[in-house]
Amino acid sequence: MSVAVPCDHEWAHKDQVEMAELNGQTVLSLGDGHCLRDQALGFCFAAGARDDERFKATSLETLRNMVAAGGGITLLPQLSLPSTKVKDGVCYLKAVNPTPSRSIVLAYRPGSPLRARFEKLAKAITEYLG
C-alpha cells in the first residue's frame, strides 16, 4: 500500500513515508463494510493515525478525488496506483517500516468453465505485482 497525499502536502516531495509519521494524522477511508477499510485503518491506527469521521468514501476513486481536492490523505493498494508518482493532483508515497500489505486471493469453483480465464487473470496480477 502507498500513502496518497495532495501535491501541495508537506510530504509530497518524499518518495516514501515511515508509518510512524502517520501518528496524529487524520486519514480518509472507505465506508463501513469494505474489507480494505478495515485493513487500511488497522495499519493507520497501529501508527497512531485516526479516521476522518466526517467522510466515508464509496470507492477508491472517490478517495483519490478527495485527496486531489485537498481533503486529506489516505492509504491505497498497489493495484489502484498509477504508473507515475504524481497524477491528477495526487502524490503517491511508498509506506514503509512496516510496509503495509495484504494478500489477494482469486478463488473459483473446481470444474468452472471459466478456469482458463481465472488462471490468466491470476497470472497477470502476479506479473503486475511481481
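Residues numbered from 1 in each chain as written. Predicted model: local features only at pLDDT ≥ 70, side-chain atom pairs only at ≥ 80, totals over all residues. Heavy atoms only, no water.

Caption draft 1: Expanded view of a nonpolar patch on the surface. On the surface, a cluster of nonpolar side chains totalling about 360 Å² of accessible area is made up of L79, I104, Y128 and L129. In this fold, Y128 is placed in helix α3 (residues 115–129). (Patch = residues over 30% accessible without salt bridge, like charges linked within 9 Å, V, L, I, M, F, W, Y side chains within 5 Å. Areas by Shrake-Rupley, 256 points an atom, 1.4 Å probe, with all protein chains shown as cover. Salt bridge = Lys/Arg side-chain N within 4 Å of Asp/Glu carboxyl O. Helix = DSSP H or I, 4+ residues; strand = E, 2+ residues; numbered from the N terminus.)

Caption draft 2: Geometry of the environment of A95. As for its position among the elements, A95 is in strand β7 (residues 90–96). Judged by its relative accessible area of 0%, A95 is buried. If sequence neighbours within four positions are ignored, A95 has contacts with M1, S2, V3, V17, M19, L75 and P100. (Buried < 20%, exposed > 50% of the residue type's maximum accessible area, 1.4 Å probe, protein only. Contact = heavy atoms within 4.5 Å.)

Caption draft 3: Representation of the pattern of salt bridges within the structure. Overall, the coordinates contain nine salt bridges when judged by the stated rule. Here E21 makes a salt bridge to K14, at a shortest N to O gap of 2.5 Å. Taking relative accessible area as the criterion, K14 reaches 22% and is therefore assigned partly exposed. Note that D51 and R37 form a salt bridge whose closest N and O atoms lie 3.3 Å from each other. Of this pair, D51 sits in strand β4 (residues 50–57) while R37 is found in helix α1 (residues 35–47), placing the two residues 14 residues apart along the sequence. The class of D51 is buried, set by a relative accessible area of 9%. Connected through shared salt-bridge partners, D32, R37, D51, E53 and K56 make up one network.

Caption draft 4: Fine view of the side chain of T74. Of note, T74 is situated in strand β5 (residues 74–76). Overall, the relative accessible area of 3% leaves T74 in the buried class. A distance of 2.8 Å separates a polar side-chain atom of T74 from the backbone oxygen of L28. (Polar contact = N/O pair within 3.5 Å; in protein donor to acceptor, adjacent residues only side chain to side chain.)

Caption draft 5: Spotlight on the state of the cysteines. Considering all chains together, one arrives at zero disulfides under this definition. Between C7, a free cysteine, and C91, which holds the nearest cysteine sulfur, the sulfur-to-sulfur gap is 3.0 Å. Take C7: its relative accessible area is 34%, and that puts it in the partly exposed class. In this model C44 remains outside any disulfide bridge; the closest cysteine sulfur is found in C35, 15 Å from its own. (Disulfide = S-S within 2.5 Å.)

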